[in-house]
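Residue-level structure breakdown
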Amino acid sequence: MELRTRTKVIIGIASGVVVVGAAAAIAGPVIYANTVNGQAAAAPSLSAEPSGGGTLSAADADGTWKSAGDSFAGYRVHEVLQGQDVTVVGRTKDVEGTAEVSGGSLTKATVTVQVATISTPESARDEYFRNTALQTDQHPTATFTLTQPVDVSGALDGSTQDVTLTGTMELHGVEQAVTADAQVGVTKDGTVQVAGSIPITFEDYGVQAPSLGFVTVDPKGSVEFSLDLER
């Protein structure tokens, strides 16, 4: 059963890549690569406001925070298509995050993403991503869970603070230990922003990146997130 499932994943990914490859062949590799790269969103970062933003006392920060506003998550992968470097970025706003703060430390946090709603400008890519690569009918969500508290008092004082978030990520029915490099900042209206990324190796989650001659997808990518947290 495991071999059959892996074979289906590889075939599905290959089919999607063939469609993308056909589009590249028609448009020309350079034009296609420039188009895709131009559509790729920038890596998540804090807005300009938190760098000169608000402050929170430890007492005011204590409690449970939930995602709202423009929170999003997704993925970033690199491909080489007929010699051209291509960066592909998928995004969704179907994200639910909760965080608990106590005494200037982030003590608990979970972020759950509805992976079936992640989209890119290429519908064929999205189809195999959802239906075959990650089998979102069976594994509809990906979840990051914090496993170690982290000091965020620097952000409460009004600065942009770099943090390392240690936890687990469940993706495609597989859970792995991960670390996320992130930034935390407080806005002038008292909300909190967290933005960062988690490096992943696809094979660790039972997904094999395709390599079909005309296109090679890197075996590693990243899961990206940007959360607006409110009390």
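The sections below set out a description of the structure shown in this document. (Residues numbered from 1 in each chain as written. Predicted model: local features only at pLDDT ≥ 70, side-chain atom pairs only at ≥ 80, totals over all residues. Heavy atoms only, no water.)

Once that is clear, we can look at the overall build of the protein chain. For the protein chain, the count of helices and strands is six helices and eleven strands. Burial statistics for the protein chain: of 231 residues in total, 46% are counted as buried. The contacts in the protein chain between residues at least 6 apart in sequence include a share of 65% that link residues at least 24 apart. Total accessible area on the protein chain stands at roughly 11,000 Å², and carbon and sulfur atoms take up 52% of it. (Helix = DSSP H or I, 4+ residues; strand = E, 2+ residues; numbered from the N terminus. Buried < 20%, exposed > 50% of the residue type's maximum accessible area, 1.4 Å probe, protein only. Contact = heavy atoms within 4.5 Å. Areas by Shrake-Rupley, 256 points an atom, 1.4 Å probe, with all protein chains shown as cover.)

Next up on the list: the pairing of strand β11 (residues 220-230). Of all eleven residues in β11, nine are buried; the element is thus mostly enclosed. Across eight bridges, the pairing between strand β1 (residues 63-81) and β11 is antiparallel. Each residue of the ladder has a partner; that of Ala-68, found in β11, is Asp-228. Both strand β9 (residues 192-201) and β11 contribute to a ladder of ten bridges, which runs antiparallel. Considered in β11, the bridge of Val-192 is made with Leu-229. (Pairing = 2+ DSSP bridges.)

This part covers unusual backbone geometry. For Gln-135, which is not glycine, the phi dihedral falls at a positive 45 degrees. Take Gln-135: it is sitting in the loop between α5 (123-133) and β5 (141-146). The phi torsion at His-172 lies on the positive side, around 55 degrees, for a residue other than glycine.

The next thing to look at is the pattern of salt bridges. In the structure shown here, the tally under the stated rule is four salt bridges. For the salt bridge of Asp-70 with Lys-93, the shortest nitrogen-to-oxygen distance reads 3.7 Å. With Asp-70 in strand β1 and Lys-93 in the loop between β2 (84-92) and β3 (95-102), this pair connects stretches of sequence that are 23 residues apart. A salt bridge links Glu-79 to Arg-125, with the shortest nitrogen-to-oxygen separation between them at 2.6 Å. Taken together, the residues Glu-79 in strand β1 and Arg-125 in helix α5 connect sequence positions 46 residues apart. For the pair Glu-79 and Arg-125, a shared accessibility class is recorded, and that class is buried. Each of Arg-76, Arg-91 and Glu-224 takes part in one network of salt bridges that share partners. (Salt bridge = Lys/Arg side-chain N within 4 Å of Asp/Glu carboxyl O.)

The subject of this paragraph is α5. Residues spaced three or four apart along an α-helix face the same direction, because each turn holds 3.6 residues. Three or more residues of α5 are buried, namely Ala-124, Arg-125, Asp-126, Tyr-128, Phe-129 and Ala-133. Remark: Gln-135 follows α5 within two positions and exhibits a positive phi of approximately 45 degrees.

So, on to the nonpolar core. Leu-106, Leu-165, Met-169, Val-192, Ile-198, Ile-200 and Phe-225 are the most contacted members of the largest nonpolar core, which totals 47 residues. Once residues lying within four places of it in the same chain are set aside, the contact partners of Ile-200 are Met-169, Leu-171, Tyr-205, Pro-219, Lys-220, Gly-221, Ser-222 and Val-223. (Core = buried A, V, L, I, M, F, W, Y, C linked by side-chain atoms within 4.5 Å.)

Now for the pairing of strand β4 (residues 105-114). Sheet topology note: the β3/β4 ladder contains eight bridges and is antiparallel. Considered in β4, the bridge of Val-95 is made with Val-113. Hairpin geometry of β3 and β4 is characterised by an intervening segment of two residues between the two adjacent antiparallel strands and by a positive phi of about 60 degrees at Gly-103. Alignment of β4 against β5, held across five bridges, turns out to be antiparallel. Across the sheet, the residue bridging to Val-113 is Ala-142, located in β5.

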